Amino acid sequence: LGLVSTSSGGTSTAKAKPGVVISTGKGFGEVNAAKAWTLKKTLFKASLLPANKTSRNIALAGLGRADRKVNYNLALKCWKSNGCSTGTGGKMTVAYIEQFGENVFRQMSKMEFILQALTYPQVGRIIYKSAHSDLNQGIADFKAAIAQKVDLIVSYPDFGDAMLPVMKEATHAGIPVATYAWGFVTGPGKNYLTVVGEDTCKLGQAYAKVMNTQVKSGDIAFLGGFPGNPLSLGWQNCEKPALNSNLDVVATEPTNWDPSKVQSVVAGILAAHPDVKGWSYEYGLGMAQGALAAYKAAGKPFDTVLTLRTDDVGMGCTFNKENNPNLKMWYYTSGNSQIRVAFTAAMMKLKGAKIRPKIVFPIELQNQRVRDSCVKGYPQEACATSLIPLSL
């Protein structure tokens, strides 16, 4: 069934072919429509859209642009050069400013941003900056974008509220700032335009449900990215109180989303707590490349329960290769395509649209044994729920 939203905000069901378009109309230079297969690819189900009608329209408009034809050669050149002129003669300059861009997930997000920008002929210049994990450089990059009078900024705020002064500065200058992957910092709708993604508190609660039913009792551990980043804090702060009293979180450690650091951190935790029965984390491939190596070095079977945010192909393929009945894994979508929705939200704001402070996607964790994330044809580092064409 294809779910088709009516203009009044209600819903009706209709038999649909695979190419059916899910639509709620037009507004602010956008067509609020996306093909069902596009939504299913990036969200698992075409129906897993924001519940709020306004947010749903923005999501449909943003994700629907993934089907528009753009110049892939230009996109790749722009990606390699960390920015480019689009050649359209458009007057707008758009910027993706982040504090850490040195893993495949962020590089995929960069490409999604570029592809989205290329669907807008009014965009004449694309800027990309990564501060390489340096807070001061991240602030400087924001200030430089403001000084250049860019038209919009999309960001993931790795350093959390430390980025607020420059986000507020951009907002006061009339530059909409949107974050994705639930890059939540204080005051969305006031200090910056909006935050897009899944509610990471609910993600943590979904993780806890798996741990409560699959591990039931004993030691588990949390891993995270950079210390204090909003994604890790969001789910960690909500998973822990949702766990049953027989589960004990024996460690909560940052890894900077670096597989080599994952290996050393997991090795240290296993040395102190050899009976860890479950791990919650964002970065699936980090577990495949880091945690598995730590287990093997310790001479321990990889008998554990994993709750992960990303659907990295390499983690799914590692799971299948291990063929271990005692290894269990649940995961969420990568969220790379959320950057498209953040971009479109900012574009709509410039057209006068009222944008909600939070554009929230529902969460449905996938069981690796039911939905295989080892998708044929994709690089091991990639996430198959991304809307980047496989040729890129």
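For the structure, see preceding data.
As the structure is a computational prediction, the values presented were derived from the model and not from experiment.

Colleague: Any chance you could explain the layout of surface pockets here in plain terms?
Modeller: The rolling of a water-molecule-sized probe over the atoms marks out the regions of remaining empty space. Counted as a void, the largest pocket has a volume near 330 Å³. What lines the largest pocket is a set of 16 residues, and nearest its centre among them are M108, P379, A382, I388 and L392. It is helix α4 (residues 104-117) that provides the largest number of residues to the lining of the largest pocket, a total of 4 residues.

Colleague: Hey, could you run me through the packing of aromatic side chains in this one?
Modeller: Two numbers describe a pair of aromatic rings. These are the distance of the centres and the angle of the planes. Evaluation of the coordinates by the stated rule reveals 16 aromatic pairs. Centre to centre, the rings of F113 and F343 are 5.2 Å apart; their planes meet at 70°, and the pair counts as edge-to-face. Placement of F113 in helix α4 and of F343 in helix α12 (residues 338-350) is noted, with a sequence separation of 230 residues between them. Through pairs of rings, three or more aromatic residues link up here, namely Y96, F113, Y120, Y128, Y156, Y180 and F343. One residue, K110, lies across the ring of Y128, its end atom 4.5 Å from the ring centre.

Colleague: Would you mind showing me how to read the sheet that holds strand β8 (residues 152-155) here?
Modeller: Two pairing modes exist for strands in a sheet, parallel and antiparallel, and in both the strands are linked by backbone hydrogen bonds. Pairing is mixed across the open sheet formed by 7 strands, whose spatial order is β5-β7-β6-β8-β9-β10-β16. With partners counted over all chains shown, the strands left at the sheet margins are β5 (83-85) and β16 (358-361), one partner each. The average angle at which neighbouring strand axes cross in this sheet is 15°, direction not considered. Here β5 runs beside strand β7 (residues 123-130); their pairing, made up of 3 bridges, is antiparallel. Within the sheet, the bridge partner assigned to C84 lies in β7 and is I126.

Colleague: Hey, could you run me through unusual backbone geometry in this one?
Modeller: Excluding glycine, most residues fall at negative phi; most peptide bonds, likewise, are trans. Positive phi is not limited to glycine here, since F44 has a value of about 80°. Its place among the elements puts F44 in the loop between α1 (36-43) and α2 (53-64). Owing to a relative accessible area of 8%, F44 belongs among the buried residues under this scheme.

Colleague: Can you walk me through empty space enclosed by the protein in this structure?
Modeller: Enumeration according to the criterion identifies 4 cavities of 30 Å³ or more in this entry. Considering only enclosed or pocket space, the largest cavity measures out at about 140 Å³ in volume. Around the largest cavity sit N103, F105, R106, Y156, A181, L231, W257, E282, Y283, R309 and T310, which together line it. For the lining of the largest cavity, the per-class residue count stands at 6 nonpolar, 2 polar and 3 charged.

Scoring rules and cut-offs
- All residue numbers refer to position in the chain's written sequence, counted from 1.
- Note on the predicted model: pLDDT of at least 70 is required for a residue's local features to be given, and 80 or more for side-chain atom pairs to be given and counted; whole-chain, interface and lining totals, by contrast, use all residues.
- As a rule here, side-chain values cover all heavy atoms of the structure and leave hydrogens and water aside.
- The method works on a 1 Å grid over the protein atoms by themselves. A cavity is a set of points holding a 1.4 Å probe that cannot get out, a pocket is an open set with protein on both sides within 12 Å along at least five of seven lines, and residues with an atom within 4 Å of a point line them.
- Grid points are joined across faces, edges and corners, and a volume is the space filled by probe spheres set on the points.
- Helix numbering and strand numbering both begin at the N terminus, where a helix is a DSSP run of H or I of at least 4 residues and a strand a DSSP run of E of at least 2.
- Aromatic pairing here means that ring centres of Phe, Tyr or Trp (its six-membered ring) are within 6.5 Å. Orientation follows from the plane angle: under 30 degrees is stacked, over 60 is edge-to-face, and everything else is tilted.
- For a Lys NZ or an Arg CZ to count as sitting over a ring, it must be within 6 Å of the ring centre and within 35 degrees of the ring normal.
- Note: two strands are recorded as paired if DSSP finds a minimum of 2 bridges between them.
- Every axis in this analysis is a line fitted to C-alpha atoms, fitted for helices over the stretch in contact. Angles between the N-to-C directions lie between 0 and 180 degrees.
- When accessible area is computed with a 1.4 Å probe and restricted to protein chains, residues below 20% of their type maximum are described as buried, those above 50% as exposed, and intermediate ones as partly exposed.
- Three residue categories are used. Nonpolar comprises Ala, Val, Leu, Ile, Met, Phe, Trp, Tyr, Cys and Pro, charged comprises Asp, Glu, Lys and Arg, and polar comprises the others, including Gly.

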